[in-house]
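# Fold and geometry: a report
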Amino acid sequence: MTIMECAGCTLIAYGVPFSMFVFTIAHHPFRVIISMTSAFFWLLSLLLSSFLWFAVVPLRTQLAFAVPFAVIFQEIFRFLFYRLIKKAEFALQRVQMQELTDKGMVFDRFAVAYASGYGFGLISGTFAIVNVLSDMTGPGTLGIFGHSQDFFIATAFLTLCVILLNTFWGVIFFTSLDKGGIHRFIGPGTVVLTHMLFSCITLVNRTLTPMYTISLIVGYAILLGMIIYTVVLRGFNLNNIRQRIN
Amino acid sequence: MHRLIDDNQDSPDEMTELLKSQDNDTIIDGPETSTDGENISSNAAATASSHSRVEAIDPQDHETTHRHRRNEQPDEQRPLNIEHEEIFKYGASHVVKLFVPVSLCMLIVIITIKTTSSYTPGGATWAYTPFTEDKSTNTQRILFSLANTFIFMGFVITATVILILLYKFKCYKIIHGWLILTTLMLLFFFLYSYFSSISASLNRPIDMITICFITWNIGAVGMFCIHWKGPLPIQQAYLIFMSALLALVFYKFLPDWTGWLILGVISIWDLIAVLCPKGPLRILVETAHERGEQIFPALIYSSTMVYMVTAVDPPPREPQFAPDNVDTNMAVNVDETLNEEQRNQRAAIRNNNARRQLIPRSDVPQTATRREPARYVVERSNSPVIDDDDDDEKGVKLGLGDFIFYSILLAKASALGDWNVTIACYVSLLIGLCLTLLLLAIIRKALPALPISITFGLVLYFSTVYIIGPFSAELNLGQVFI
């Protein structure tokens, strides 16, 4: 039974990202590398955040101190990754053009932004859930001592939310910075603010019988907002969509 | 199309190497998907292949001679963007072609460790690390671990030196025989013990007849695939599996702290041996360079095989460019092989991927259309001329020793049971590999593959265990998502 639960939660958390990987990233070695590198950058940001948390010994149980800094560090490293990509952009474009023209496909920086956001999200979600998943297969389950019984499933859904959110945040971040002008501030600003909002809302989960509905609803609402923002940023508007549908 | 064929024929010059595949087929086949790639060994610079690859498909460059000359020019004279182009153009698919087998090897090791209990450390000690680590104080433990490490490194260095001496005095048969013996032992003995421990852990008895039948078949096919000819995927599977077996053996027998110290010291040794002017591997490279030969059969994982080598016969004008190209290729290839040699020494048990043998030149089949100098022939001789349109992908190569040590690191990382550590080490190892390949393409000299990855892996292991781990555990407990 525990294995069922573990399998279920794994599929909830990783089903959509895995499909994304198989269909959009797996056959493009370049995107694979970008995802890996951005995952590494996320790890570095986590390392910094952990150093901070570790160093301030008395506040170790007060996660409310460490979380905003973790968010800030993540966004700083996202920006650093953007700068790295910019530096290599000239050469990268040559690579992509060649590889993809060979396949008859054309794409632009969107793929890099997408792959980078995906890498960030995947490693972020993995660190959040993988230990929980491995504990899930053990004997017993949660909810006996008055803790919420929805721990596992809420974690799985929140992980899915995090992975997708990070993907869209990556796209928004990179696309806005590329666009320039006022978007250079709106885009990253939106990303940082919504990230901070999401993470701080999940702090509510720390109570004994948390209301997962709050963080879940807020998380998915933010996700919806990010999707719409991304679509708008990429140039779609209602007319385009109507034309495509009809 | 004719021009393309010319290009193809040119490229073998630059690309004839130990296990290099040809550009030819890729070009002849038209636009390639991400399967095209060159042979980039972990130690070999991608230069030669990049050059030829770029030139081969570059429509603006119509001067093949010009291209060859450009090949030989030092890097500084070429515009930076062309270098970048070469670095990145073929880098991505190559790197991913190395990601997959390395990941598979690690996966096999981790699955075996998690499911069976017989491959956990603690148990008999082996001769290479004679001191145990059950000491009362930490200082004593460190001291004995250091002693173990130095004894182990002593074995490695001795074996490397012996190998170099054998090579210098042209005792090719001894080397070849040695490699065959080690493959034999690995394929039969270790496989048998692997199956025994699997059946013991899963609590399913298997009768001797079945085990012998299976082991014999797998072993015999393995010997064929590795030392002679066989389908490429099967050979790759054997190499990955052999590396995983070796890594498991190492993981089982290396005591805890000794293992970490060995990983660190071997990266340093790798750095010294390949980069220092008096380093043994460098001497080996130069000797092979002087003789204009392959070094000798090495343990190299290759994603494309020798089959494609003779798809197109080189045009007569090639020989004039041959020496330089051969040299470049040699240097490139030889270095790569060297590293592998060194790896083999360390393992002290060889598994084998000896596609290219040191055969006397007379054994080389001479086709009517072949006009290559003898050097090429030696390099390519063993490969049968099979279908031109098959196996036309370019490939990448990585030494099996790298597989083994990466897997050892990951096995030790997974020993704690904390999956965060495992994943962090996995990502850092792959990024290290990526960086190494990038550095190779930039510096275009022989570079060791271990140091960067192992450094990243070690740093991230210790920081994840002691610093990130508790933070992450606290976050998971409260379901706080950062």
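Residues numbered from 1 in each chain as written. Chains lettered and ligands numbered in written order. Predicted model: local features only at pLDDT ≥ 70, side-chain atom pairs only at ≥ 80, totals over all residues. Heavy atoms only, no water.

## Observations concerning the overall build of chain B
From N to C terminus, chain B includes 17 helices and 2 strands. Long-range pairs, those at least 24 residues apart, make up 83% of the contacts in chain B between residues at least 6 apart in sequence. (Helix = DSSP H or I, 4+ residues; strand = E, 2+ residues; numbered from the N terminus. Contact = heavy atoms within 4.5 Å.)

## Things to note about the environment of Phe51 of chain A
Along the polypeptide, Phe51 of chain A turns up in helix α2 (residues 29-55). For the pair Phe51 of chain A and Ile25 of chain A, spaced 26 residues apart in sequence, the C-alpha to C-alpha distance is 32 Å.

## Thoughts on the packing of helix α8 (residues 172-201) of chain B against helix α9 (residues 208-227) of chain B
Residue and element names in this part refer to chain B. Two elements in contact, α8 and α9, have axes whose closest approach is 9 Å; the angle formed by their N-to-C orientations is 150°. Judged by the angle between their axes, α8 and α9 are roughly antiparallel. Crossing angle aside, the handedness with which α8 passes α9 is right-handed. Side by side, α8 and α9 meet where Leu179, Ile180, Thr183, Leu184, Leu187, Phe188, Leu191, Tyr192, Phe195 and Ser196 of the first sit next to Met208, Ile211, Ile214, Thr215, Trp216, Ile218, Gly219, Ala220, Gly222, Met223, Ile226 and His227 of the second. Of the residues contributing to the contact of α8 with α9, the split by class is 16 nonpolar, 6 polar and no charged. (Axes fitted to C-alpha atoms, helices over the stretch in contact; angles between N-to-C directions. Parallel < 35°, antiparallel > 145°, perpendicular 65-115°, else oblique. Left-handed = near helix turned anticlockwise from the far one by under 90°. Nonpolar A, V, L, I, M, F, W, Y, C, P; charged D, E, K, R; others polar.)

## Things to note about the nonpolar core
Residues Phe127 and Phe198 of chain A together with Phe99 of chain B are the most contacted members of the largest nonpolar core, which totals 137 residues. Setting aside anything within four residues of it in sequence, one finds Phe99 of chain B in contact with Val32, Ile33 and Met36 of chain A together with Leu430, Leu433 and Cys434 of chain B. With 14 residues, the next largest nonpolar core counts Val132, Ala154, Ala156 and Ile163 of chain A among its residues. (Core = buried A, V, L, I, M, F, W, Y, C linked by side-chain atoms within 4.5 Å. Buried < 20%, exposed > 50% of the residue type's maximum accessible area, 1.4 Å probe, protein only.)

## A short note on the UniProt feature "transmembrane region" (unreviewed entry) in chain B
Residue and element names in this part refer to chain B. The UniProt record annotates "transmembrane region" (unreviewed entry) at residues 95-113, 142-167, 174-194, 206-225, 237-254, 260-276, 421-443 and 450-469. Note that residues 174-194 is 100% helix and 0% strand, and that its end C-alpha atoms are spaced 29 Å apart. Segment residues 421-443 splits into 100% helix and 0% strand. End C-alpha atoms: 32 Å apart. (UniProt positions renumbered as here; feature names shortened; annotations may be inferred.)

## Examining the environment of Trp178 of chain B
Residues and elements named next belong to chain B. Considering the arrangement of structural elements, one finds Trp178 in helix α8. Looking at Trp178, the relative accessible area reads 26%, which means it is partly exposed. Separated by 246 residues in the primary sequence, Trp178 and Ala424 place their C-alpha atoms 38 Å from one another.

## Brief notes about helix α1 (residues 2-25) of chain A
The sharpest bend along α1 of chain A reaches about 50° and sits at Tyr14 of chain A, with the proline Pro17 of chain A one to four residues further on. Listed as buried for α1 of chain A are Thr2, Cys6, Cys9, Ala13, Tyr14, Pro17, Met20 and Ile25 of chain A. (Bend = angle between axes of the 7 residues up to and from the residue.)

## Describing unusual backbone geometry
For residues besides glycine, phi is generally negative; the peptide bonds are generally trans as well. Residue and element names in this part refer to chain B. Phi angles above zero are rare outside glycine, and Lys170 is one such case at about 60°. On the secondary structure map, Lys170 appears in the loop between α7 (138-168) and α8. The phi dihedral of Asn203 is positive, around 65°, even though this residue is not glycine. Residue position: Asn203 is located in the loop between α8 and α9. Accessibility expressed as a relative area gives 66% for Asn203, which makes it exposed.

## Observations regarding the packing of aromatic side chains
The full count for this structure, using the stated rule, is 25 aromatic pairs over all chains. Centre to centre, the rings of Phe41 of chain A and Phe77 of chain A are 6.4 Å apart; their planes meet at 70°, and the pair counts as edge-to-face. Separated by 36 residues along the polypeptide, Phe41 of chain A in helix α2 and Phe77 of chain A in helix α3 (residues 63-87) bring together distant segments of the chain. Grouping residues by exposure puts Phe41 of chain A and Phe77 of chain A together as buried. Considering the side-chain rings of Trp260 of chain B and Phe462 of chain B, the 5.4 Å spacing of their centres and the 55° angle between planes classify their relative orientation as tilted. Of the two residues, Trp260 of chain B is situated in helix α11 (residues 256-275) and Phe462 of chain B in helix α17 (residues 450-478); the sequence distance between them amounts to 202 residues. Look at Phe462 of chain B and you get partly exposed, because its relative accessible area is 34%. An aromatic cluster is present here, built from Phe41, Phe77, Phe81, Tyr82, Phe173 and Phe174 of chain A joined pairwise through their rings. When the ring centre of Trp53 of chain A is taken as reference, the NZ or CZ atom of Arg60 of chain A above it lies at 5.5 Å. Lying across the ring of Trp260 of chain B, Lys412 of chain B places its NZ or CZ 5.5 Å from the centre. (Phe/Tyr/Trp six-rings, centres within 6.5 Å; stacked < 30°, edge-to-face > 60°. Lys NZ or Arg CZ within 6 Å of the ring centre and 35° of its normal.)

## What to know about the UniProt feature "transmembrane region" (unreviewed entry) in chain A
Residues and elements named next belong to chain A. In the numbering used here, UniProt assigns the "transmembrane region" (unreviewed entry) feature to residues 12-30, 39-57, 63-85, 106-131, 151-173, 185-205 and 211-236. Helix makes up 84% of residues 12-30 and strand makes up 0%, while its end C-alpha atoms are separated by 27 Å. Strand forms 0% of residues 39-57 and helix 89%; the C-alpha atoms that close the span are 28 Å apart.

## Quick look at the interface of chain A and chain B
Frequently, the measure chosen for interface size is the accessible area removed from exposure when the parts meet. At the interface, 58 residues of chain A touch 45 residues of chain B. Looking only at chain A, the three residues that lose the most surface to chain B are Met36, Phe40 and Phe127 of chain A, adding up to 14% of its buried area. One can count 1 salt bridge joining chain A with chain B. A salt bridge links Arg206 of chain A to Glu474 of chain B; the nearest nitrogen and oxygen atoms lie 3.3 Å apart. Remark: the boundary between chain A and chain B carries 9 residue pairs in polar contact (both at pLDDT 80 or more). Residue assignment for the side of chain A that touches chain B shows that the elements contributing at least two residues are α2, α3, α4 (89-103), α5 (109-136), α6 (151-179) and α7 (183-202) of chain A. When residues of the side of chain A that touches chain B are assigned to their parent elements, the largest contribution, 17 residues, is made by α2 of chain A. Residue classes in the side of chain A that touches chain B are distributed as 35 nonpolar, 17 polar and 6 charged. (Buried area = accessible area lost by both parts, 1.4 Å probe. Salt bridge = Lys/Arg side-chain N within 4 Å of Asp/Glu carboxyl O. Polar contact = N/O pair within 3.5 Å; in protein donor to acceptor, adjacent residues only side chain to side chain.)

## Points about the confidence of the model for chain B
Residues and elements named next belong to chain B. Mean pLDDT over chain B stands at 68; residues scoring 70 or higher make up 59%. By mean pLDDT, the top-scoring element of chain B is α17 (93), and the lowest-scoring one is helix α3 (residues 47-57) (31). Considering only residues more than four positions removed or in separate chains, one finds that residues 1-80, a stretch of pLDDT under 50, has 246 contacts. Note on residues 306-393: pLDDT is under 50 here. Beyond four places in sequence and across chains, it has 286 contacts. (pLDDT = per-residue confidence, 0-100.)

## Some remarks on a nonpolar patch on the surface
Where nonpolar side chains cluster on the molecular surface, the patch consists of Leu435, Leu438, Leu439, Ile442 and Ile443 of chain B and spans about 350 Å² of accessible area. Position of Leu438 of chain B relative to the elements: it lies in helix α16 (residues 419-443). (Patch = residues over 30% accessible without salt bridge, like charges linked within 9 Å, V, L, I, M, F, W, Y side chains within 5 Å. Areas by Shrake-Rupley, 256 points an atom, 1.4 Å probe, with all protein chains shown as cover.)

## Quick word on the packing of α3 of chain A against α7 of chain A
Residues and elements named next belong to chain A. Where α3 contacts α7, the two axes come as close as 10 Å, and the packing angle between them is 145°. When the axes of α3 and α7 are compared, the crossing they make is right-handed. In this structure, α3 uses Val67, Pro68, Val71, Ile72, Gln74, Glu75 and Arg78 to contact α7, whose residues at the interface are Val191, Val192, His195, Met196 and Ser199.

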